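# Notes for the structure review
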Amino acid sequence: MLTSKLATYRRKKGLTQEQLSELSGVTTRTIQRIEKGAVVPHMHTLKILANCLDIEAKLLMDVPESNAVPKETTKQLPIVPLFHLLALLGLGFPILNIILPFILWILKKDENIDFDKQGKQVLNFHITFTILFFPSIVLMVYFFPVGFPLTLLIYAFMVIVTLVNLFRSINQPEVKYPFSYPFLKMQ
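Computed from a predicted structure; not experimentally measured.

### Describing the pattern of salt bridges
By the definition in use, this model includes six salt bridges. Note that Glu35 and Arg10 form a salt bridge whose closest N and O atoms lie 2.7 Å from each other. Of this pair, Glu35 sits in helix α3 (residues 28-36) while Arg10 sits in helix α1 (residues 5-12), and the two are 25 residues apart along the sequence. A single burial state applies to Glu35 and to Arg10, both of which are buried. Residue Lys58 is joined to Glu56 by a salt bridge in which the shortest nitrogen-to-oxygen separation is 3.7 Å. The exposure classification of Lys58 matches that of Glu56, with both residues exposed.

Shown next as structure tokens:
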């Protein structure tokens, strides 16, 4: 098991966990948990510990190497775009644009905050526009000159926005689903 950066710098300074605790005011238990990797320390705590060790706080942080892909990014790459892709595939059949991403969201929402957030964004958008889509179909049956263009417009908007967000999720910037009612509240 790799030694944590805090433990390495603490030992270089010739301090025990108890001595570092006395110098910094951070409890010994917290220092132990940081060194074991059991907790993610607050930036304020890292600054205090770094100050006591006469180093910069950024040396204690787990910053990936510039040419390495962060673990979190590697893990979420295959899953996050899948929410958008399933919604896009579901647009071919009524309600599948909601059911497919919903199933994935139920299965993955507790694994990662991004899975929960993007799943809710996809679902909120597609629920909102599916609700708008069905009345436009009824309008198309009773008043074709208005209903048909409206139905095409709603459908095209759903496809375009979902495609744009699919590519955005692959490239990792924030996705944006406009005109969505928050059925599933964001935290």
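Still to come is the rest of the account.
### Considerations on the nonpolar core
Residues Phe83, Phe125 and Met158 are the most contacted members of the largest nonpolar core, which totals 21 residues. When residues of this core are assigned to their parent elements, the largest contribution, six residues, is made by helix α8 (residues 113-142). The residues contacting Phe83, other than those within four sequence positions of it, are Pro101, Leu104, Trp105, Lys108, Phe115, Gly119 and Val122. By size, the runner-up hydrophobic cluster in this structure holds 13 residues, among which are Leu6, Ile31, Leu46 and Ala50.

### Describing the confidence of the model for the protein chain
When pLDDT is averaged along the protein chain, the result is 85; 89% of the residues meet or exceed 70. A low-confidence stretch, residues 64-77 stays under pLDDT 50, and its non-local contacts, those more than four residues away or across chains, total 13 contacts.

### Examining the packing of aromatic side chains
This model, assessed by the stated rule, comprises ten aromatic pairs. Each ring, one from Phe133 and one from Tyr155, has its centre 6.1 Å from the other, and the planes form 40°; the classification is tilted. Of this pair, Phe133 sits in helix α8 while Tyr155 sits in helix α9 (residues 144-171), and the two are 22 residues apart along the sequence. Taking the relative accessible area as the measure of exposure, Phe133 reaches 18% and is therefore buried. A relative accessible area of 32% places Tyr155 in the partly exposed class. Between Phe157 and Phe179, the ring centres sit 6.0 Å apart and the planes meet at 45°, which makes this aromatic pair tilted. Pair noted here: Phe157 is in helix α9 and Phe179 is in the segment after α9, with a separation of 22 residues, a long-range link. Residue Phe157 is classed as partly exposed on the basis of its relative accessible area of 26%. Looking at Phe179, the relative accessible area reads 64%, which means it is exposed. Counting every residue linked through ring pairs, the aromatic cluster contains Phe125, Phe129, Phe157, Tyr177 and Phe179. A cation over an aromatic ring shows up here: Lys109 above the ring of Trp105, its NZ or CZ 4.7 Å from the ring centre.

Conventions used here
Residues numbered from 1 in each chain as written. Predicted model: local features only at pLDDT ≥ 70, side-chain atom pairs only at ≥ 80, totals over all residues. Heavy atoms only, no water. Salt bridge = Lys/Arg side-chain N within 4 Å of Asp/Glu carboxyl O. Helix = DSSP H or I, 4+ residues; strand = E, 2+ residues; numbered from the N terminus. Buried < 20%, exposed > 50% of the residue type's maximum accessible area, 1.4 Å probe, protein only. Core = buried A, V, L, I, M, F, W, Y, C linked by side-chain atoms within 4.5 Å. Contact = heavy atoms within 4.5 Å. pLDDT = per-residue confidence, 0-100. Phe/Tyr/Trp six-rings, centres within 6.5 Å; stacked < 30°, edge-to-face > 60°. Lys NZ or Arg CZ within 6 Å of the ring centre and 35° of its normal.

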